[in-house]
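What the coordinates show
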Amino acid sequence: MLPLWQPLFFFSFYKMEVVCLNSEPAFNEGDEYEHEGDSATGENADELCAAPHLKREPPPPTVGLEFDSFDEAYDFYNGYAKDQGFGIRVSNSWFRSKRKERYRAKLSCSSAGFKKKSEANNPRPETRTGCPAMIVIKLVDSKRWRIVEVELQHNHLVSPEIKRFYKSHKKMILAAQKSQQAEPVKEIHTIKLYRTSVINAAPNGYSKVKERDVRHPTDHSKHLELKEGDAHAVYNYFCRMKLTNPNFFYLMDLDDEGRLKNIFWADARSRSAYIYFSDAIAIDTTCLTNKYELPLVSFVGVNHHGQSVLLGCGFLGHESVEYFVWMFRSWLTCMLGRHPRVILTDQSKSLQMAISEVFPGTRHCYCLSYIMQRVPEKLGGLRGYEAIRKQLNQAVYNSMKIAEFETAWGSMVGQHGLGENKWLQSLHEDRQRWVPVYIKDTSFVGMIPVKENEVSKPLFDGYVHKHTSFKEFLDKYDLALQRKLMKEATGDTESRNCSFELRTKCNFELQLSKVYTKQIFEKFQIEVEGMYSCFNTRQVNINGPIITYAVKERVEVEESEKEVRQYEVLYETTNMEIRCICSLFNFRGYLCRHALNVFNYNGVEEIPSQYILPRWSKDYKRRFPLDPFPNDVDLNDYVLRYNHLLSRAIQVIEEGAQSRECWKASLQGLEELCRKFALENVDEVYL
């Protein structure tokens, strides 16, 4: 296990719990060093600055590291300098003239530059060497200070063994002395580590932090098992993403000893995708279920092409309610408190309890394909397995009514003596979360299979195996997402620029060929063609404006065998509302052949708008209604302004990437805005 001792990056609205103490900058700009003996505090400097048993090796300054304040950045570099054996000073600062606010600074080795020549009779000897070692820090968004330039090489000897005491270190010692007098020093170090508390994201997007629930006490023995190179791979990846991906988000959960318990992250694409596709998500824990070395948890949605889209990732240190709660609250905070309507997971009591705690108003269901894939493992050794499997599939996939399912299930259990089978007992207890006939009133937009041979593949299928390491996964992560992105971009191009081949003369097909994306239209075409396998449509009941129809269909069951099934369709003539007992519209997001047949029977030439989901449209992102900026929100709140502008800018980016011409127009508009902003900041001067 390799602990990760790097500073962590956060947006300004994440509350954090400090687990290491830092000192403050001690002197004014230009101060240098004192020789040993010049200060009474020099003797015990090392003992005061770090308890020996807690001493940790800090990382070197790296471009991209961020800090809450200028003082914190100064402390970090000062502590690094002390460990290496040199002092520092603030050699340059930049200010905004109106507010006298520092927005950029250069922290240099105390041997940087040269002193001015003195007119004194006995001038002090020159101690500076023009050393180039330095860091440049800059005030960035959310009032954080980021390292933007680094030079680590000195042109003089640097060693912690050289007994020279620098003024920049003096205040560190004084602060440590004062703290030691007040109370025993638990931990003092120049690196500031953060431990994220359990996050409670409010509906308005703010995040509240509360103490860990006493119902889920922390088990400090559970943490991520990192191999050699994993810690640096994670750290370097997040540094790079923070620099190249401005809306990149991540949180790390550390125990009291600084060991990683959990990690969560989401890049800008994932965060923007959730704005559009927040209706239903799946939380994929396949790696946990299959006992992979990589404890990967993925948040997955479905885009307008019906393709899987990543909405966030995490590494989970332990499969417990507490750890899942942390992961879910981190994701919810990242998505500004917006809850999905439906969540799909594997069957798990820990997942069930965590979701009910974090997403109390969300419909939680178990993914049918996860359960059915486990049938050979759980039942394969039983006598009469093939017969059991067929009866189970019949009960799950072919039951149209709850009574039919219960009868078929009971028959299977009784006939094969499965009454004591624990796994089947647990499935039956949870049947309202996974059996199609129980969840047919919920909209899943194609996220669960409704046919026997359909399987849901994990988003990272082919990129993760049983022994994939953290480092190996992060190396493949960008490639996997890039391929997903290219697939979506190709779908966008094909949907907008290609004319679809019509296979029938049905007006429903022509109507939706102008609306749907190519992938969704091709799936809908199957239902239009399926209308011709339906026959003998007839009224069986009339109750005011509601008419019940019976539609028969020849269905292929095994190989070339077919059987006739009857489907009930309710049609409300006043508002043209329709519902089939197969509930394909809820499962897939488009109408089934049985409902289309009843519309056609009643002379309806176009599908009513309520059955054409906007999320499948070619121009869905362009027409997506963005939330207006609330009138009662404080306009001085940086985070709210930032997030609102970001949601507006996403549409510009999505449209600008569609073609060369759109890209040029978008770029010109953005450059014009930047020039306007630059004119408003002409009062910035260098001091």
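Residues numbered from 1 in each chain as written. Predicted model: local features only at pLDDT ≥ 70, side-chain atom pairs only at ≥ 80, totals over all residues. Heavy atoms only, no water.

Selection rule: UniProt positions are given in the numbering used here, feature names are shortened, and annotations may be inferred rather than shown by experiment.
If you look the protein chain up in an unreviewed UniProt entry, it shows as Protein FAR1-RELATED SEQUENCE from Coffea arabica. The Sequence similarities (unreviewed entry) field of the UniProt record for the protein chain holds the comment "Belongs to the FHY3/FAR1 family."

Considering the overall build of the protein chain
Cut-off, in case you're wondering: Here a strand is any run of E in DSSP of at least two residues, a helix any run of H or I of at least four, and the numbering for each starts at the N terminus. Under the scheme applied here, a residue whose accessible area is under 20% of the maximum for its type counts as buried, over 50% as exposed, and between as partly exposed, the area being computed with a 1.4 Å probe on protein chains only. Working rule for contacts: check all heavy atoms of both residues, and any pair within 4.5 Å makes them a contact.
Scanning the protein chain for helices and strands turns up 22 helices and 23 strands. Counting over 687 residues, the protein chain shows a buried share of 51%. Considering only contacts in the protein chain between residues 6 or more positions apart, those separated by 24 or more positions represent 66%.

Description of helix α17 (residues 518-530)
What counts here: For a helix, the expected span equals 1.5 Å multiplied by the residue count minus one.
The end-to-end C-alpha separation of α17 is 19 Å, in line with the 18 Å expected for 13 residues at 1.5 Å each. Within the sequence span of α17, burial applies to Ile-520, Phe-521, Phe-524, Gln-525, Glu-527, Val-528 and Gly-530.

Some words on the pairing of strand β18 (residues 363-366)
Using the following cut-off: DSSP bridges decide pairing: two strands pair if at least two such bridges lie between them.
Relative to β18, strand β17 (residues 342-345) runs parallel, the two being bridged by four bridges. Directly across from Ile-343, in β18, lies its bridge partner His-364.

Things to note about the packing of helix α7 (residues 321-334) against helix α8 (residues 349-358)
Applied cut-off: Lines fitted to C-alpha atoms define the axes here, with helix axes fitted over just the stretch in contact, and angles between the N-to-C directions of these axes take values from 0 to 180 degrees. Throughout this description, any angle smaller than 35 degrees is read as roughly parallel, any larger than 145 degrees as roughly antiparallel, any in the 65 to 115 degree range as roughly perpendicular, and the remainder as oblique. We call a crossing left-handed when the near helix sits turned anticlockwise from the far one by less than a right angle, and right-handed when that turn is clockwise. We call Asp, Glu, Lys and Arg charged. Ala, Val, Leu, Ile, Met, Phe, Trp, Tyr, Cys and Pro are nonpolar, and the rest, Gly among them, are polar.
Contact geometry of α7 with α8 gives a least axis separation of 9 Å together with a crossing angle of 45 degrees. The orientation of α7 relative to α8 falls into the category oblique. Considering how the two elements wind past one another, α7 and α8 form a crossing that is right-handed. Every residue of α8 that contacts α7 at Val-321, Phe-324, Val-325, Phe-328, Arg-329 and Leu-332 is listed here: Ser-350, Leu-351, Met-353, Ala-354, Ile-355, Glu-357 and Val-358. Grouping the amino acids of the contact of α7 with α8 by side-chain chemistry returns ten nonpolar, one polar and two charged.

Let's talk about the sheet that holds strand β16 (residues 308-316)
Sheet architecture is open: seven strands sit in the order β12-β13-β16-β15-β14-β17-β18, paired in mixed fashion. Bordering the open sheet on either side are β12 (249-254) and β18, each of which pairs with just one other strand. Looking at each pair of strands side by side, their axes are set apart by 20 degrees on average, direction ignored.

Some thoughts on the sheet that holds strand β19 (residues 534-543)
Strand order in the open sheet formed by four strands is β19-β20-β21-β22, and the pairing between neighbours is antiparallel. Each edge of the open sheet carries a strand with a single partner, namely β19 and β22 (577-580). The average angle at which neighbouring strand axes cross in this sheet is 25 degrees, direction not considered.

Concerning the packing of aromatic side chains
Going by this rule: In this analysis, rings of Phe, Tyr and Trp, with Trp reduced to its six-membered ring, are considered paired at centre separations within 6.5 Å, and the interplanar angle assigns stacked below 30 degrees, edge-to-face beyond 60, and tilted for intermediate values. Consider the ring centre and the ring normal. A charge sits over the ring if Lys NZ or Arg CZ is within 6 Å of that centre and within 35 degrees of that normal.
Counted by the stated rule, this structure contains 39 aromatic pairs. Each ring, one from Phe-444 and one from Phe-587, has its centre 6.0 Å from the other, and the planes form 15 degrees; the classification is stacked. Separated by 143 residues along the polypeptide, Phe-444 in the loop between α14 (436-439) and α15 (470-497) and Phe-587 in helix α18 (residues 584-588) bring together distant segments of the chain. Take Phe-444 and Phe-587: they sit in the same class, and that class is buried. An aromatic cluster is built from Tyr-237, Phe-238, Phe-248, Tyr-250, Trp-265, Phe-315, Phe-460, Phe-470, Phe-473 and Tyr-477, whose rings are joined through pairwise contacts. The side chain of Arg-102 reaches across the aromatic face of Phe-70, ending 4.0 Å from its centre. Over the ring of Tyr-366 we find Arg-433, and its NZ or CZ is 6.0 Å from the ring centre.

A closer look at the pattern of salt bridges
Going by this rule: Think of a salt bridge as a Lys or Arg side-chain nitrogen and an Asp or Glu carboxyl oxygen that are within 4 Å of each other.
In total, this model carries 28 salt bridges according to the counting rule given. Measuring nitrogen to oxygen at the nearest pair gives 2.7 Å for the salt bridge that ties Arg-615 to Asp-279. With Arg-615 in the loop between α19 (593-601) and α20 (620-623) and Asp-279 in the loop between α5 (268-276) and β14 (280-284), this residue pair connects regions lying 336 residues apart in the sequence. Both residues of the pair, Arg-615 and Asp-279, count as buried.

Here's the deal with the environment of Ser-159
Structurally, Ser-159 can be placed in the loop between β7 (144-151) and β8 (164-166). Under the relative-accessibility criterion, Ser-159 is labelled buried at 18%. Sequence spacing of Ser-159 and Gln-84 is 75 residues, and the spatial spacing of their C-alpha atoms is 5.7 Å. If we ignore the near neighbours within four places in the chain, the residues touching Ser-159 are Gln-84 and Gly-85.

Quick word on the side chain of Glu-553
Note the threshold: Within 3.5 Å is the distance limit for a polar contact, defined as a pair of N or O atoms, with the added protein rule that one can donate a hydrogen and the other accept it, and that residues adjacent in sequence qualify only through two side-chain atoms.
When you line up the elements, Glu-553 lands in strand β20 (residues 546-556). Polar contacts involving the side chain of Glu-553 include one to the side chain of His-594, which spans 2.8 Å. Once residues within four sequence positions are removed from consideration, Glu-553 is found in contact with Ser-533, Cys-534, Phe-535, Glu-563, Val-564, Arg-565, Tyr-567, Arg-593 and His-594.

As for the nonpolar core
Heads up, the rule is: As used in this record, nonpolar core signifies buried Ala, Val, Leu, Ile, Met, Phe, Trp, Tyr and Cys residues forming a set joined through side-chain atoms within 4.5 Å.
Counting residues in each nonpolar core, the largest one holds 51 residues, and the members touching the most others are Tyr-516, Phe-524, Ile-578, Leu-591 and Ile-607. Tyr-237, Phe-473, Ala-480 and Leu-481 belong to the second largest nonpolar core, which has 32 residues in total.

Considering the environment of Phe-277
The residue Phe-277 is located in the loop between α5 and β14 in this model. Residue Phe-277 is classed as buried on the basis of its relative accessible area of 1%. With 344 residues separating them in the primary sequence, Phe-277 and Lys-621 have C-alpha atoms 10.0 Å apart. Dropping the residues within four chain positions of it, Phe-277 is found in contact with Val-302, Asn-303, His-304, Leu-311, Arg-615, Tyr-620 and Lys-621.

With respect to α19
Of all nine residues making up α19, seven are buried, and the element is well covered by its neighbours. For α19, every residue scored as buried is listed here: Arg-593, His-594, Ala-595, Leu-596, Asn-597, Val-598 and Phe-599. At the exit of α19 stands Gly-603, carrying a positive phi of roughly 75 degrees.

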